[in-house]
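The residues making up each chain are set out below.
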Amino acid sequence: MRPFHLKLRKSKWQHPVLIILAGCFAVLFGPRAYGQNVTISPSSGHLIAGLTYTGEVGFEQGWSSLWRHNQLPLTLHVSDKKDLTSSGVLKDPAGNISLDKSQNLYVVDGGASVSTLMSLSLPKGFRFTGYRIVLLNNINGKTINSANHASMSKRLYETGSTFDYENPLASTASMGSTNETKDYVIERTSKTASDMTNNLYFYFWHEKNGFYGATIKSIELYFTAEAEFAAEGVPGAPDEIIANGVNMVGSEFTTGKLDLGVVKPNTNEERRNLL
């Protein structure tokens, strides 16, 4: 084979000043500059109501337990329990999210004696690089889709997978018992390749027993498809491959899945759903 040589020529874009400016943009904007963004809203996805555990009144009142994006593999789960699946999403659903048609916005609430847990999930191979969630404290003392909300203080925390809100990664300011129009914001931006994964976890705290909630004004998420993850890719022992006489072997691995179970009608307190 005939050898060849490449001669590199310095272009005008390699000017030192431009290189410095590019470095400044990378520092200022970080991972967001190279990621994608997506929003959670009634127009970008749909709520799904799953059959929940016995005595869970959210399902009985027609509330939903997860939200799924129309196109992307992005899922929001809500639950009363901390149990997670092997892929890191909330395992036991609860009816804690619903569409308030009067606002055309989602409302997230919690039970009288339990606090709502929330997870945002992408498949393996993706990772979040930032988020911004804006809540409205405007449903104290109001009935939303058959759920009567008491007036009380509440606060949303970002936590790790153990939902330890006493050591949060971020939080909103405390929302009081009086309705208001102020935006309550929780946000965080990834600083390293390992400080955010494909799952985000939140704990919606409340001060006392009683149903409580807040309106989700907006959720904006930033993510990238450049996350590393471990996968078993061994096709089999060499002698087995030779004995079978094949020149290609497939090796499946799971990147993530949304298991809704058997899709069939279920009845709970005269409420019907598909899951």
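All of these numbers come straight from a predicted model, not from anything done at the bench.

**Notes on the sheet that holds strand 7 (residues 116-121)**
Then, in step 1: Overall, antiparallel pairing links the 7 strands, which are arranged 2-3-4-7-14-11-12 in an open sheet. This sheet does not close on itself; its edge strands, each paired only once, are strand 2 (45-48) and strand 12 (170-171).
Then, in step 2: Note: strand 7 against strand 14 (residues 199-206), 6 bridges, orientation antiparallel. Residue pairing in the sheet places S121 in a bridge with N199 of strand 14.

**Brief notes about the layout of surface pockets**
Then, in step 1: If you add up the space inside the second largest pocket, you get close to 160 Å³.
Then, in step 2: Lining the second largest pocket are 16 residues, and of these E56, V57, D80, G111 and F211 sit closest to its centre.
Then, in step 3: Counting only elements with at least two residues in the lining of the second largest pocket, the list comes to helix 2 (57-60) and strand 6 (105-110).
Then, in step 4: Residue classes in the lining of the second largest pocket are distributed as 6 nonpolar, 7 polar and 3 charged.

**Section: the pattern of salt bridges**
Then, in step 1: In this structure the tally under the stated criterion is 4 salt bridges.
Then, in step 2: The partner of E187 in a salt bridge is R132, with the nearest N and O atoms 3.4 Å apart. Here R132 lies in strand 8 (residues 127-136) and E187 lies in strand 13 (residues 183-189), a separation of 55 residues in the sequence.

**As for empty space enclosed by the protein**
Then, in step 1: A full pass over the atoms with the stated rule returns 1 cavity of 30 Å³ or more.
Then, in step 2: Its volume calculated, the largest cavity comes out at about 70 Å³.
Then, in step 3: In terms of lining residues, the largest cavity is bounded by V108, T116, L117, M118, L135, L156, F202, Y203, F204 and I216.
Then, in step 4: The set of elements that each furnish at least two residues to the lining of the largest cavity consists of strand 7 and strand 14.
Then, in step 5: Partitioning the lining of the largest cavity into residue classes produces 9 nonpolar, 1 polar and no charged.

**A look at unusual backbone geometry**
Then, in step 1: Of note in the backbone geometry, S146 takes a positive phi value of approximately 75 degrees without being a glycine.
Then, in step 2: By the element assignment, S146 lies in the loop between strand 9 (143-144) and strand 10 (147-148).

**A few points about the pairing of strand 6**
Then, in step 1: In terms of burial, strand 6 is largely enclosed, as 6 of its 6 residues are buried.
Then, in step 2: In strand 6, alternate side chains face the same way, and those of L105, V107 and D109 on one face and Y106, V108 and G110 on the other are all buried.
Then, in step 3: As paired strands, strand 5 (residues 97-100) and strand 6 are joined by 4 bridges and run antiparallel to one another. When the bridges of strand 6 are listed, L99 appears paired with Y106.
Then, in step 4: The turn joining strand 5 and strand 6, which pair antiparallel and follow one another in sequence, is formed by 4 residues; a positive phi near 55 degrees is taken by N104.
Then, in step 5: When strand 6 meets strand 15 (residues 212-224), the two strands line up antiparallel, connected through 5 bridges. Note on strand 15: the bridge partner recorded for D109 is G213.

**Observations concerning the confidence of the model for the protein chain**
Then, in step 1: For the protein chain, the average pLDDT comes to 81, and 70% of its residues sit at 70 or higher.
Then, in step 2: Note that pLDDT drops below 50 for residues 1-34; the model gives that stretch 15 contacts with residues more than four away or on any other chain.
Then, in step 3: Across residues 270-275, confidence stays below pLDDT 50; counting only partners more than four residues off in sequence or on other chains, it has 25 contacts.

**Examining the pairing of strand 15**
Then, in step 1: Judged by how many residues are buried, strand 15 sits mostly within the fold: 10 of 13 residues are covered.
Then, in step 2: Here 9 bridges tie strand 8 to strand 15, and the two strands are oriented antiparallel to one another. Bridge pairing in strand 15 places L135 opposite I216.

**Let's talk about the packing of aromatic side chains**
Then, in step 1: As enumerated under the stated definition, the model contains 6 aromatic pairs in all.
Then, in step 2: With centroids separated by 6.0 Å and ring planes inclined at 55 degrees, the aromatic side chains of F126 and F223 adopt a geometry described as tilted. With a gap of 97 residues between them, F126 in the loop between strand 7 and strand 8 and F223 in strand 15 connect regions that are remote in the sequence.
Then, in step 3: Residue F126 is classed as partly exposed on the basis of its relative accessible area of 25%.

What counts and how
- Sequence order sets the numbering: in each chain, residues are counted from 1 along the sequence as written.
- At least 70 in pLDDT is required for a residue's local features to be given in this predicted model, at least 80 for side-chain atom pairs to be given and counted, and no such filter applies to totals for whole chains, interfaces and linings, which use all residues.
- Side-chain measures here rest on the full set of heavy atoms in the structure, leaving out hydrogens and waters.
- Pairs of strands are assigned from DSSP output, requiring at least two bridges between the strands.
- Helical segments are the DSSP runs of H or I of at least four residues, strand segments are the runs of E of at least two, and each set is numbered from the N terminus.
- Lining residues are those with an atom within 4 Å of a point, where the points come from a 1 Å grid over the protein atoms alone and group into cavities, where a 1.4 Å probe fits but cannot get out, or pockets, open sets with protein on both sides within 12 Å along at least five of seven lines.
- Grid points are joined across faces, edges and corners, and a volume is the space filled by probe spheres set on the points.
- As a working rule, the residues Ala, Val, Leu, Ile, Met, Phe, Trp, Tyr, Cys and Pro are called nonpolar, Asp, Glu, Lys and Arg charged, and the rest polar, with Gly in that last group.
- The term salt bridge refers to a side-chain nitrogen of Lys or Arg lying within 4 Å of a carboxyl oxygen of Asp or Glu.
- The classification of residues rests on relative accessible area computed with a 1.4 Å probe and restricted to protein chains. Under 20% of the type maximum is buried, over 50% is exposed, and intermediate values are partly exposed.
- For every residue, the predictor reports its confidence as pLDDT, a number between 0 and 100.
- Any two residues having at least one pair of non-hydrogen atoms within 4.5 Å are treated as being in contact.
- Any two rings among Phe, Tyr and Trp, with Trp reduced to its six-membered ring, count as a pair given centres within 6.5 Å; such a pair is stacked if its planes are under 30 degrees apart, edge-to-face if over 60, and tilted if neither.

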